[in-house]
Amino acid sequence: MSPALRCVVLIVAAGSGTRLGAGIPKALVPLPGGATILEHCLQGVDRSHQGSHRGRLVGVVVVVPPDPAAAERLEQVCASAAERTGLPLRTVPGGRERADSVRAGLSACAALGDEPGAAAPVTHVLVHDAARPFVPPAVFQRVEDALEAGAAAVVPAVPVTDTVKTVAPWADTVKAPGLAGTGSEPAPFQVVDTPVRAALRAVQTPQGFELAALLRAHESARRAGEDAAALTDDSMLMEAAGHTVAVVNGDAESFKITSALDLALAAAVLQERSATSPQTA
Ligand code: CTP
Ligand code: MG
């Protein structure tokens with residue numbers, strides 16, 4: 001059992017939301033009721049902080065877009081959230097890819113523990129996508145529990161419902177069957193493998209880590225010149241560094257808002273929440 005957790009939640013909100021296509025950064029997109037995606041995400045962090053393990057979360061860092069206008073609007077959202085939660089909250093500008101934004105945020109997480117008045121250094125970080133606004137407090141708790149039990153890296157995950165294939169560019173010199181003569185052929189692919197579905201999991205956030213270990217893992221990836229665009233989550237860097245990554249149960253409500261169809265699901269979640277508990281929707 002490791003010493004008491006002192007976790008910072010690192011929320012990455014610096015993406016542009018290209019696939020959603022709202023014309024504004026995704027974190028600023030309002031959901032039904034008017035609150036933005038980032039506001040819902042911060043409310044989720046607050047609910048988790050108010051829960052039975054109050055005291056584990058010691059601060060929040062939000063990584064905002066480098067564009068000054070968007071950053072200013074997100075900083076306003078963060079300032080009101082900080083007033084509500086009472087947790088120290090800092091914002092830092094993000095980078096081109098998600099991994100660049102995480103790296104920018106990690107230094108700010110470490111700095112939070114060194115500020116005057118901070119009781120002790122920050123030991124752990126929960127890296128969380130702003131684009132997942134409805135993570136239940138129980139998921140935060142499961143991730144924190146696994147860290148407290150000594151895991152250096154933890155991911156919440158759910159079983160995969162589709163059969164997943166590994167594909168590669170079509171190997172033949174002749175055209176792929178069915179595409180010949182269509183005039184507008186997409187780049188043809190062929191299936192090269194079908195992993196056993198029962199062994200697959202879709203991983204979500206928040207992902208929990210020993211802060212120093214994740215900082216080292218990001219730093220080695222940067223030094224090795226790894227393609228930041230290919231680093232789609234943080235636990236893969238911990239795997240590469242030789243750490244065991246623990247898996248805890250995620251939740252269907254932790255889904256990521258990626259495309260317009262996900263906004264319909266978000267509306268349904270909010271409607272369901274307001275029907276069951278009007279004050280928390
Ligand atoms: N993110 C970030 N910095 C980036 C890219 C992404 O902080 N340079 C954040 C996003 O704000 C989001 C999370 O990482 O909360 C997951 O990324 P994704 O869902 O891909 O969001 P976007 O990159 O904004 O969307 P898109 O890829 O469609 O542009
Ligand atoms: Mg993206």
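Before reading further, recall that the structure is shown in the block above.
This write-up is about the structure you can find in this document. Model, not experiment: these values are computed from the prediction.

This next bit is on the nonpolar core. Among the nonpolar cores identified, the biggest contains 34 residues, and Ile11, Leu38, Leu42, Val60, Val62 and Leu126 are the most heavily contacted of them. For this core, the secondary structure elements donating two or more residues are β1 (7-12), α1 (37-50), β2 (57-64), α2 (68-85) and α4 (137-148). One finds Leu106, Cys109, Val127 and Met238 within the second-largest nonpolar core, a separate group that totals 29 residues.

On to the packing of aromatic side chains. A complete count under the given rule lists one aromatic pair for this structure. When the ring of phenylalanine 134 is compared with that of phenylalanine 255, the centres are 6.0 Å apart and the planes differ by 45 degrees; the resulting orientation is tilted. Here phenylalanine 134 is found in the loop between β4 (124-129) and α4, whereas its partner phenylalanine 255 is found in the loop between β10 (245-249) and α7 (260-276), with 121 residues between them in sequence. You'll find phenylalanine 134 and phenylalanine 255 in the same group, each marked buried.

Before going further, it helps to examine the environment of valine 77. Considering the arrangement of structural elements, one finds valine 77 in helix α2. Sequence separation of valine 77 and leucine 28 is 49 residues, and the distance between their C-alpha atoms is 9.0 Å. Leave out the neighbours within four places in its chain, and valine 77 touches Thr36, Leu38, Glu39 and Leu42.

On the surface, Val167, Phe189 and Val191 cluster together into a nonpolar patch covering about 290 Å² of accessible area. When you line up the elements, valine 191 lands in strand β7 (residues 189-193).

It is worth spelling out the site of ligand 1 at this point. Looking at ligand 1, there are 18 residues lining it, with Val12, Thr18, Arg19, Ser101 and Lys256 nearest. Between ligand 1 and the protein, one listed contact pairs an oxygen atom with a backbone N or O atom of glycine 15 at 2.9 Å. Separating an oxygen atom of ligand 1 from a backbone N or O atom of serine 16 is a distance of 3.2 Å. Coverage of ligand 1 by the protein chains reaches 87% of its 560 Å² of free accessible surface. Grouping the amino acids of the shell around ligand 1 by side-chain chemistry returns five nonpolar, six polar and seven charged.

Compared with an ideal rise of 1.5 Å per residue, which puts 18 residues at 26 Å, α2 spans 25 Å between its outermost C-alpha atoms and is within 8% of the ideal. Every buried residue of α2 is listed here: Ala70, Ala71, Leu74, Val77, Cys78, Ala81 and Thr85. Down the axis, α2 shows its buried residues gathered within 125 degrees of arc, on one side only. Away from its buried face, by an angle of more than 90 degrees, α2 presents the exposed residues Pro68 and Glu83. Residues of α2 that are buried make contact with α1, β2 and β3 (89-93). In the stretch just after α2, glycine 86 is the one whose phi turns positive, near 80 degrees.

What counts and what doesn't
Residues numbered from 1 in each chain as written. Chains lettered and ligands numbered in written order. Predicted model: local features only at pLDDT ≥ 70, side-chain atom pairs only at ≥ 80, totals over all residues. Heavy atoms only, no water. Core = buried A, V, L, I, M, F, W, Y, C linked by side-chain atoms within 4.5 Å. Buried < 20%, exposed > 50% of the residue type's maximum accessible area, 1.4 Å probe, protein only. Helix = DSSP H or I, 4+ residues; strand = E, 2+ residues; numbered from the N terminus. Phe/Tyr/Trp six-rings, centres within 6.5 Å; stacked < 30°, edge-to-face > 60°. Contact = heavy atoms within 4.5 Å. Patch = residues over 30% accessible without salt bridge, like charges linked within 9 Å, V, L, I, M, F, W, Y side chains within 5 Å. Areas by Shrake-Rupley, 256 points an atom, 1.4 Å probe, with all protein chains shown as cover. Salt bridge = Lys/Arg side-chain N within 4 Å of Asp/Glu carboxyl O. Near = heavy atom within 4 Å. Polar contact = N/O pair within 3.5 Å; in protein donor to acceptor, adjacent residues only side chain to side chain. Nonpolar A, V, L, I, M, F, W, Y, C, P; charged D, E, K, R; others polar. Expected span 1.5 Å × (residues − 1). Arc of directions from axis to C-beta.

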